[in-house]
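Analysis of the macromolecular model
Below are the chains, spelled out letter by letter.
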Amino acid sequence: MLNWLKAILARLTQKILNKYKPEVIAITGSVGKTSTKEAIFSVLSTAYNVRTNYKNYNNEIGIPLTVIGSQGGGKSIFKWLKIIIKGLWLIVFRNRNYPNILILEMGADHPGDIKYLTSIVPINVAVVTAVAAVHLEFFETVDSVAKEKSNLVKALSKSGYAVLNQDDPLVSAMAEKTSAKVITYGVDSGADIKATEIAVSHEVDFKDYSTIQGISFKLQYQGSTVPVLLPKVLGKHLAYSALAAIAVGIIYDLNLHEITEGLKKYEPPKGRMHIIPGIKNSLIIDDTYNSSPLAVKKALEQLKSINLAPGHKKFAILGGMLELGQASTSAHREIGRAVVENKIDYLFTVGELARDIIRGATLKGMPKDHCFAFATTAEAGKFLQDRIKEGDLMLIKGSQGMRMEKIVKELMAEPQRAYELLVRQDQEWD
């Protein structure tokens, strides 16, 4: 079924795009794709009719579904026929409300994925977030990942724009692979759009995490400096998503005031550095959507930067990172070292792969009685209930397949709000 469905959806996509001719902004990268997509949507939706991927529809089936404006049909042949009919209707008739701009996250699990997607979807703006060690079982090396991601900027015409992370050498090097206009962003002095003084913003001084308001930074662009507040964002690394969105806003002729106002509405997707009240007046940083070595390090750095009142502890609750291939053991041990370097008090892991996180941490000097390994999320959640005290702060993170959101549900103060606050709460994940 998949091959014929893929072919039909691709053809419908090409016909629909040729008819309506929306601007297409495509985003790829090893980390930060979805957060960047949502930040761009927050900025552009103030002035344009915009559509973006539903859920994680970022592959050869999901992209056409976004273009058509439908959710998937699952295993039902009748639902897929209904989607195909909707696509045909868009081609035969005209939908006056079809979006002016499509913001499409494009994933790449295997070599050739990006090249295929750009073959059916012509793009106007390419945004590349970062290149890191993910999906290495299919790509083998980080350089191979970068080569695949670079296909996005190669697909641009001279009239297009490449928006590149200046702070990632593998991404900034992609400027040489396109004839399109290039705009760079980052905290590096060479970036066109730069953030300085990135900090956790508190309502009243820096007492403790209960006053956290979000993050703030100073935006520098063409000699101007503008303050930016992201009130619903915790991770400092998510400032990069905001910077990419600022670049796209500038491309689409929005002024800095309009852009920064749009960013105030930006809220990262569920499971990405969300603050959730925990049991016993503790606090959870829910970063359970997915995981990779780079993303874990950024989250740990953020955990370190948050001030706690004396006597309270920081917990890193980490699941295994999947699809790392031969680099898995070294990558997990490297995370263990990062746990120690970021002065985390207690380490809890879930899954066999994550045991190497503990090995890395203890080799770096973390006391063995501060490390705990569990086979399942259920075991970890029950154990943690007895360990947590008032005022403690927990970071919970792991690959999608580890289902670390189950621990969040176990430890959150209002588990009845799980569907509203947590990732993967739909019936298909039960």
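Preceding this paragraph is the structure being described.
In what follows, the accompanying structure is described. Note that the coordinates shown come from a computational prediction; the quantities given were computed from them, not determined experimentally.

Bringing the packing of helix 1 (residues 2–20) against helix 4 (residues 77–92) into the picture now. Viewed as axis vectors pointing N to C, helix 1 and helix 4 meet at an angle of 25 degrees, and their least axial separation amounts to 9 Å. If you check the angle between helix 1 and helix 4, you find them roughly parallel. Viewed along their axes, helix 1 and helix 4 form a crossing whose handedness is left-handed. Counted together, Trp4, Leu5, Ile8, Leu9, Leu12, Lys15, Ile16, Lys19 and Tyr20 of helix 1 and Ile77, Trp80, Ile83, Ile84, Gly87, Leu88, Leu90, Ile91 and Val92 of helix 4 form the full contact between these two elements.

Let's shift gears to the sheet that holds strand 15 (residues 393–397). The six strands are arranged 10-11-15-12-13-14 in an open sheet whose pairing can be described as mixed. What marks the edges here is a single partner per strand, and that holds for strand 10 (274–277) and strand 14 (371–374). Strand-to-strand twist in this sheet, taken as the mean axis angle between neighbours without regard to direction, amounts to 20 degrees. Where strand 12 (residues 314–319) lies against strand 13 (residues 346–350), five bridges are found, and the strand directions are parallel. Paired with Ala316 across the bridge in strand 13 is Leu347. Most of the contacts of helix 12 (residues 293–305) go to strand 15, to which it runs at about 175 degrees, and overall it touches strand 11 (283–287), strand 12 and strand 15.

Two measures describe an aromatic ring pair: the distance that separates the ring centres and the angle between the ring planes. Inspection of the entire model under this criterion finds 11 aromatic pairs. An angle of 25 degrees between the planes, with centres 4.5 Å apart, marks the rings of Tyr20 and Tyr98 as stacked. Of this pair, Tyr20 sits in helix 1 while Tyr98 is found in the loop between helix 4 and strand 3 (101–105), placing the two residues 78 residues apart along the sequence. For Tyr20, a relative accessible area of 12% corresponds to the buried category.

Over its 14 residues, helix 13 (residues 328–341) runs 20 Å from end to end, which matches the ideal 20 Å to within 8%, given 1.5 Å per residue. Where helix 13 is concerned, the buried positions are Ser328, Ala331, His332, Ile335, Gly336, Ala338 and Val339. The buried residues of helix 13 occupy one face: seen down the axis, they fall within an arc of 160 degrees. Looking at the buried positions of helix 13, the neighbouring elements they touch are helix 12, strand 12, strand 13 and helix 14 (355–363). Lys343 sits one or two residues past helix 13 and shows a positive phi near 60 degrees.

A word on a positive patch on the surface. Residues Lys115, Lys147, Lys154 and Lys177 make up a contiguous surface patch of positive charge. Secondary-structure assignment places Lys177 in the loop between helix 9 (169–172) and strand 6 (181–186).

Below, the discussion takes up the environment of Ile103. Of note, Ile103 is situated in strand 3. Among the residues examined, Ile103 registers a relative accessible area of 0% and is labelled buried. In this structure, the C-alpha to C-alpha distance between Ile103 and Val50, residues 53 residues apart in sequence, is 7.3 Å. Contact partners of Ile103, with chain neighbours within four places excluded, come to Ile25, Ile27, Lys37, Ile40, Phe41, Leu44, Val50, Arg51, Thr52 and Asn53.

Rules behind the numbers
Residues numbered from 1 in each chain as written. Predicted model: local features only at pLDDT ≥ 70, side-chain atom pairs only at ≥ 80, totals over all residues. Heavy atoms only, no water. Axes fitted to C-alpha atoms, helices over the stretch in contact; angles between N-to-C directions. Helix = DSSP H or I, 4+ residues; strand = E, 2+ residues; numbered from the N terminus. Parallel < 35°, antiparallel > 145°, perpendicular 65-115°, else oblique. Left-handed = near helix turned anticlockwise from the far one by under 90°. Contact = heavy atoms within 4.5 Å. Pairing = 2+ DSSP bridges. Phe/Tyr/Trp six-rings, centres within 6.5 Å; stacked < 30°, edge-to-face > 60°. Buried < 20%, exposed > 50% of the residue type's maximum accessible area, 1.4 Å probe, protein only. Expected span 1.5 Å × (residues − 1). Arc of directions from axis to C-beta. Patch = residues over 30% accessible without salt bridge, like charges linked within 9 Å, V, L, I, M, F, W, Y side chains within 5 Å. Areas by Shrake-Rupley, 256 points an atom, 1.4 Å probe, with all protein chains shown as cover. Salt bridge = Lys/Arg side-chain N within 4 Å of Asp/Glu carboxyl O. Lys, Arg positive; Asp, Glu negative; His and termini not counted. Charge placed at Lys NZ, Arg CZ, Asp CG, Glu CD.

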